Amino acid sequence: MRVLAVAGNTFREAVRDKVLYVLLFFAIIVILGSRALGWISVGQDLKIVKDFCLASMSVFGALIAIFVGTSLLYKEIDKKTLYTIISQPMHRYEFVLGKYFGLVALLALALGSMSALSTAYIFVLGGKLNLVFFQAALLNFWKLLVVTALAVLLSALTSPILGAIIVFCCFVFGHATGVFLDLPPQFNGTFTKHFFEVIYYCVPNLDNFNLHSEAANDIPVSLAYTAWALAYGTAYSAVLLIMACLAFEGKDL
Amino acid sequence: MAAIVTRALSKTYKVIGKAAVRSLRGLDLEIAENEVFGFVGRNGAGKTTTIKLLCGLIHPSSGGASLFGEDIRLREARRLVGYMPEQPYFYEYLTPRETLTFYGRLRGLSAAQRQAQWDRVAGLLELEDIADRRIRGFSKGMRQRVGFAVALVGDPPLLILDEPMSGLDPIGRRMIREAILRLRDEGKTIFFSSHVLSDVEELCDRIGMLVEGRLVHHGRVDELPGRRMKEVEVSAEGLDGAAAATLVARSAGHRQIDQVHLFRVADLENANALAAEILAAGGRIRELQPVRESLDDFFARIQQKEAAK
Ligand SMILES: Nc1ncnc2c1ncn2[C@@H]1O[C@H](COP(=O)(O)OP(=O)(O)OP(=O)(O)O)[C@@H](O)[C@H]1O
Ligand SMILES: [Mg+2]
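Student: Lay out the side chain of B:Arg177 with the relevant residues and their values.
Tutor: Inspection of the secondary structure puts B:Arg177 in helix 6 (residues 170-185). With sequence-adjacent residues up to four places away left out, B:Arg177 is seen in contact with B:Met165, B:Asp199, B:Glu202 and B:Leu203.

Okay, structure coming up:
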C-alpha cells in the first residue's frame with residue numbers, strides 16, 4: 001500500500017516531466033535509421049529493421065533508467081521532499097522500493113509501447129514476428145531492471161552525474177564482460193589477472209539478455225534459457241536493491 | 001503520560017575532512033500532553049536538529065527519546081507525530097488535494113477517511129481556493145499552509161512544527177496562530193520552534209531555550225527565573241512647570257505628551273517615592289506601570305551570559 005503510493009507518485013512525476021516523449025524519438029530514429037541502413041544492405045531489410053528496433057529499445061530504455069534512476073533518491077534528498085515522507089509511519093526501505101517500482105512501471109510502459117510500435121512497423125513493412133522477438137523484448141526489459149537497481153543504489157550514495165557515468169560504464173562493460181578474462185598471456189598468474197577475474201564475476205553479464213541477432217534471424221530460443229536469464233536478472237536486481245535499502249537506512253537526511 | 005521525553009539526546013555531525021559539529025548536547029526534556037511548547041535559540045542553536053531527531057530523519061549519536069512512550073526509532077512513534085519542516089517542500093507537480101491524498105495513503109487511510117481529512121484540514125487552513133492548482137506556482141505562504149495541512153493528516157496527537165510562521169504576512173501568521181490555539185483546545189500537544197518571541201510568549205505554556213546545542217533555560221513563560229522588571233513608568237498630570245522640572249531631575253527618563261508627564265524610574269521603590277512627590281506637588285497619578293524586560297531582552301542577556309562562559 002505505502003510502496004504503491006510512492007511508486008504511483010514516482011510514475012506520475014516521470015509522466016508529468018514528459019519522460020515519455022522519448023517514445024517519439026524512438027519512432028523517428030527507428031524509421032529513419034532502418035531506412036538508412038536498409039538502403040545500404042539491399043534485400044536484408046526486415047532482418048535489419050528487427051535488429052535495429054531491439055537495439056533502439058535497449059538504448060532508449062537504458063537512457064530512461066540511467067537518467068531518471070540516478071537522480072531518483074538524490075533529488076528527494078536534495079530537494080528535501082522526503083522530509084515529510086520519511087517522517088510518516090513507514091519504513092525507509094518501503095520508500096526505496098516504491099521509487100524503484102515506480103520507475104520500473106514507467107519502463108514497462110515505455111518498452112511495451114516501443115514493442116507495440118516496432119510490431120506495427122514491421123507488419124506495415126510486410127514482415128511477420130516470431131516468439132523469439134518478444135522473448136528478446138522481454139529480456140531487454142529485464143536487463144533494465146538490473147540497470148535501474150544499480151542506478152537507484154548509486155542515487156542513494158552519490159550525485160546524479162557521477163552515478164550516471166558509473167552506471168553507463170557498467171552498462172557498456174556489462175555487454176562486453178569478456179574483456180575482463182581475455183587479458184594478454186603475460187598477465188597470467190599476476191594480481192591484475194585475478195583482480196579482473198573478480199570484476200568479471202561481480203559485473204552482471206548483460207549479454208545474457210541479448211537475443212537481438214537470434215530475433216533478427218528467427219532462430220528459436222528455448223524457454224528454459226529465457227527463464228534462466230529472468231532468474232539471473234531478478235537475483236542481481238534483488239542484491240542491488242537490498243544494498244540500496246541498507247545504504248539509505250542509516251543515512252542522516 | 002508525557003508526550004515527549006528526551007534523555008541525554010545528542011547529535012554530532014561528522015563530515016569527512018571537516019571538524020565534527022556538536023549540534024545537540026545532552027538534551028533532557030519532558031513535555032506533557034496537551035502542552036504548547038516553544039523552542040527558541042539563535043540560528044544554528046540546534047532546534048532543527050532536535051526536531052529532525054524526534055521525527056526520525058536523523059539518528060542520535062547518543063541518548064534517546066520517546067513519544068508517548070514509543071521509542072523514536074520505531075515506526076509506531078511516527079504514527080503519533082505530524083511534522084512540518086522548516087521550509088516545506090512538496091512534489092511541485094502535484095496539487096494540494098493530490099498531496100494530501102498521497103500522505104493519507106502513506107498513513108494507510110481509506111478513501112473515505114482521506115476525504116473527511118481533507119474537509120477538516122482545508123477548512124482550517126483555507127485551502128479550497130488553491131486545491132487544484134499545482135504547487136509549482138505557489139507563494140511561500142501557500143506552501144506553508146500546505147505544509148501545515150500535511151502535518152495534520154491522520155489527526156496525530158502531537159504536532160512538531162519547525163518555524164511554522166516564518167516568512168508569512170500578518171494575516172497568514174494569524175491563521176497559523178489560530179490553528180495552533182484551536183488544535184490545543186482539541187487536546188493536541190504542540191512543539192514548535194520560532195524566532196518570533198512575541199508569538200512564543202502569546203502561544204506557549206512553556207518554552208525551552210538552546211544555546212549552542214545545550215538547553216540553558218526552560219519553564220513557564222511568566223515564571224522564567226531571572227526575568228527582571230526593567231523599570232516602572234509613572235504617568236501623571238496636573239503638574240506645574242517648576243514641580244515637573246524637579247521631578248524630571250529625579251527620574252531616569254521623562255516624556256511629555258500634552259499635559260501628561262511620563263516619568264521612568266528604576267524600580268517600584270523609586271516609583272512610590274516619586275508618586276508621593278507628585279501628589280505633594282498637587283499632581284495626580286494617572287497610571288503606574290511596571291515595564292517588564294521583553295523576552296527579546298531576556299534572551300539577549302542569557303545569550304551574552306552563556307557566551308561569556
Ligand atoms: N547535515 C549537517 N551536517 C553538518 N552540520 C550540520 C548539519 N545540519 C546542521 N548542522 C549544524 O548543526 C548546527 C545546528 O543546526 P540547526 O539546523 O539545528 O540549527 P537551528 O537552531 O535550526 O537554526 P535556524 O534557526 O537557523 O534554523 C549548526 O551549527 C549547523 O551548522
Ligand atoms: Mg532551524
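Student: I'd like a description of the confidence of the model for chain B, backed by residues and values.
Tutor: All names here are of chain B. Predicted confidence across chain B gives a mean pLDDT of 89, with 98% of residues reaching 70 or more. Taken element by element, the predicted model of chain B shows its lowest mean pLDDT in helix 10 (residues 295-308) (80) and its highest in strand 8 (residues 189-193) (96). The complex model carries a pTM of 0.85, and its ipTM stands at 0.84.

Student: Could you give an account of unusual backbone geometry, with specific residues and numbers?
Tutor: Residue and element names in this part refer to chain B. Backbone geometry places Ala8, a non-glycine residue, at a positive phi of 50°. The exposure class of Ala8 is partly exposed, given its relative accessible area of 36%. Phi at Glu212 takes a positive value of approximately 45°, unusual for a residue other than glycine. Its place among the elements puts Glu212 in the loop between strand 9 (206-211) and strand 10 (214-220).

Student: So what's going on with the site of ligand 1? Residues and values would help.
Tutor: Residues and elements named next belong to chain B. Residues in contact with ligand 1 amount to 14 residues; listed here are only the nearest, Ser23, Gly44, Thr48, Thr49 and Glu86. A distance of 3.2 Å is found between an oxygen atom of ligand 1 and a backbone nitrogen or oxygen belonging to Ala45. Interatomic distance of 3.0 Å between a backbone N/O atom of Gly46 and an oxygen atom of ligand 1. Among the secondary structure elements, those contributing two or more residues to the shell around ligand 1 are strand 2 (21-31) and helix 1 (47-54).

Student: Can you tell me about a positive patch on the surface, naming the residues and giving the values?
Tutor: A cluster of like positive charges, contributed by A:Lys18, A:Lys79, B:Arg134 and B:Arg136, occupies part of the molecular surface. Inspection of the secondary structure assignment puts B:Arg136 in the loop between helix 4 (111-125) and helix 5 (140-152). Residue B:Arg136 is classed as partly exposed on the basis of its relative accessible area of 48%.

Student: Tell me what's going on with the domain arrangement of chain B, and back it up with residues and numbers.
Tutor: In terms of domain boundaries, chain B breaks down into domain 1 (4-222) and domain 2 (229-292). Distance from the C-alpha centre of domain 1 of chain B to the C-alpha centre of domain 2 of chain B: 47 Å.

Student: Go over the sheet that holds strand 8 of chain B with me, naming the residues and quoting the values.
Tutor: Residue and element names in this part refer to chain B. Taken in spatial order, the 6 strands make up an open sheet running 6-7-8-3-9-10, and their pairing is mixed. Either end of the sheet is taken by a strand with one partner, and the two such strands are strand 6 (81-84) and strand 10. The average angle at which neighbouring strand axes cross in this sheet is 15°, direction not considered. Bridge count for strand 3 (residues 36-41) against strand 8 is 4 bridges, and the pairing is parallel. Following the sheet pairing, Phe39 is matched in strand 8 by Ser193.

Student: I'd love a proper account of the pairing of strand 3 of chain B, names of residues and values included.
Tutor: Residues and elements named next belong to chain B. Counting buried residues in strand 3 gives 6 out of 6 residues, a clear majority hidden from the surface. Because side chains alternate across strand 3, one face comprises the buried residues Val36, Gly38 and Val40, and the other comprises Phe37, Phe39 and Gly41, equally buried. In this structure, strand 3 lies alongside strand 9, joined through 5 bridges in parallel fashion. Of the residues in strand 9, the one forming a bridge with Phe37 is Arg206.

Student: Give a description of the pattern of salt bridges that names residues and reports values.
Tutor: Residue and element names in this part refer to chain A. A full pass over the atoms with the stated rule returns 27 salt bridges over all chains. A salt bridge links Asp218 to Lys50; the shortest N-O distance between them is 3.5 Å. Linking Asp218 in the loop between helix 10 (212-216) and helix 11 (223-249) with Lys50 in helix 3 (residues 45-69), this pair joins segments that are 168 residues apart in sequence. Of the charged contacts, one joins Glu76 and Lys99 as a salt bridge, the two residues approaching to 2.7 Å between their closest N and O atoms. Of this pair, Glu76 sits in helix 4 (residues 72-78) while Lys99 sits in helix 6 (residues 92-124), and the two are 23 residues apart along the sequence.

Student: With reference to specific residues and values, describe the interface of chain B and chain A.
Tutor: Of the residues lining the interface, 28 residues belong to chain B; the matching set on chain A comes to 30 residues. When the two sides are added together, the surface that chain B and chain A hide from each other amounts to roughly 2,900 Å², 55% of it contributed by carbon and sulfur. Our enumeration of links across chain B and chain A arrives at 3 salt bridges. A salt bridge links A:Asp252 to B:Lys11, with the nearest nitrogen and oxygen atoms 2.6 Å apart.

Student: Could you give me a rundown of the coordination of the magnesium ion (ligand 2), with the residues and numbers involved?
Tutor: Every protein donor of the magnesium ion (ligand 2) is accounted for by B:Thr48 (OG1) and B:Glu86 (OE), and the metal-donor separations fall at 1.9 to 2.5 Å. Within this pair, whereas B:Thr48 is found in helix 1, its partner B:Glu86 is found in the loop between strand 6 and helix 3 (96-106), the two being separated by 38 residues in sequence.

Student: So what's going on with the packing of helix 7 (residues 131-157) of chain A against helix 11 of chain A? Residues and values would help.
Tutor: Residues and elements named next belong to chain A. Where helix 7 contacts helix 11, the axes come no closer than 8 Å and their chain directions differ by 10°. In terms of orientation, helix 7 and helix 11 fall into the roughly parallel class. Here the contact of helix 7 with helix 11 is composed, by residue class, of 21 nonpolar, 5 polar and no charged.

Student: Now, about the nonpolar core: what can you tell me, with residues and values included?
Tutor: A:Phe95, B:Leu125, B:Leu127, B:Phe148, B:Leu161, B:Phe191 and B:Phe192 are the most contacted members of the largest nonpolar core, which totals 151 residues. Counting residues per element, this core draws most heavily on helix 7 of chain A, which supplies 17 residues. Beyond its immediate stretch of four places on either side in the chain, A:Phe95 contacts A:Val6, A:Leu73, A:Glu76, A:Leu82, A:Ile85, A:Ile86, A:Met90, A:Phe248 and B:Tyr91. B:Ala236, B:Phe263, B:Ala271 and B:Leu274 belong to the second-largest nonpolar core, a separate cluster that totals 11 residues.

Student: A description of the sheet that holds strand 4 (residues 62-67) of chain B should follow, citing residues and the corresponding values.
Tutor: Within a sheet, neighbouring strands are paired by backbone hydrogen bonds and run either parallel or antiparallel to one another. All names here are of chain B. Taking strand neighbours across the sheet as the criterion, the 4 strands line up as 2-1-4-5 in an open arrangement whose pairing is antiparallel. Each edge of the open sheet is held by one strand with a lone partner, namely strand 2 and strand 5 (70-71). Where strand 4 and strand 5 come together, 2 bridges link them in antiparallel fashion. Residue pairing in the sheet places Leu67 in a bridge with Glu70 of strand 5. Of the strands in this sheet, strand 1 (4-13), strand 2 and strand 4 touch helix 1, which is tilted by about 115° from strand 1.

Student: Before we move on, can you summarise the state of the cysteines with the specific residues and values?
Tutor: Under the defined criterion, the tally for this structure stands at 0 disulfides over all chains. A:Cys170 supplies the cysteine sulfur nearest to A:Cys245, a cysteine that is in no disulfide, at a spacing of 19 Å. The exposure class of A:Cys245 is buried, given its relative accessible area of 12%. B:Cys55 takes part in no disulfide bond, and the closest cysteine sulfur to it belongs to B:Cys204, at a distance of 17 Å.

Student: Tell me what's going on with the packing of aromatic side chains, and back it up with residues and numbers.
Tutor: Evaluation of the coordinates by the stated rule reveals 18 aromatic pairs over all chains. Relative to A:Tyr232, the ring of A:Phe209 lies with its centre 6.0 Å away and its plane at 45°, an arrangement referred to as tilted. With A:Phe209 in the loop between helix 9 (191-202) and helix 10 and A:Tyr232 in helix 11, this residue pair connects regions lying 23 residues apart in the sequence. B:Lys11 extends its terminal NZ or CZ atom over the ring of B:Tyr13, reaching a point 5.5 Å from the ring centre.

Rules used in this analysis
Residues numbered from 1 in each chain as written. Chains lettered and ligands numbered in written order. Predicted model: local features only at pLDDT ≥ 70, side-chain atom pairs only at ≥ 80, totals over all residues. Heavy atoms only, no water. Helix = DSSP H or I, 4+ residues; strand = E, 2+ residues; numbered from the N terminus. Contact = heavy atoms within 4.5 Å. pLDDT = per-residue confidence, 0-100. Buried < 20%, exposed > 50% of the residue type's maximum accessible area, 1.4 Å probe, protein only. Near = heavy atom within 4 Å. Polar contact = N/O pair within 3.5 Å; in protein donor to acceptor, adjacent residues only side chain to side chain. Patch = residues over 30% accessible without salt bridge, like charges linked within 9 Å, V, L, I, M, F, W, Y side chains within 5 Å. Areas by Shrake-Rupley, 256 points an atom, 1.4 Å probe, with all protein chains shown as cover. Salt bridge = Lys/Arg side-chain N within 4 Å of Asp/Glu carboxyl O. Lys, Arg positive; Asp, Glu negative; His and termini not counted. Charge placed at Lys NZ, Arg CZ, Asp CG, Glu CD. Domains from an automatic or database assignment. Pairing = 2+ DSSP bridges. Axes fitted to C-alpha atoms, helices over the stretch in contact; angles between N-to-C directions. Buried area = accessible area lost by both parts, 1.4 Å probe. Donors = N, O, S within 2.8 Å, 3.2 Å for Na, K, Ca; no water. Parallel < 35°, antiparallel > 145°, perpendicular 65-115°, else oblique. Nonpolar A, V, L, I, M, F, W, Y, C, P; charged D, E, K, R; others polar. Core = buried A, V, L, I, M, F, W, Y, C linked by side-chain atoms within 4.5 Å. Disulfide = S-S within 2.5 Å. Phe/Tyr/Trp six-rings, centres within 6.5 Å; stacked < 30°, edge-to-face > 60°. Lys NZ or Arg CZ within 6 Å of the ring centre and 35° of its normal.

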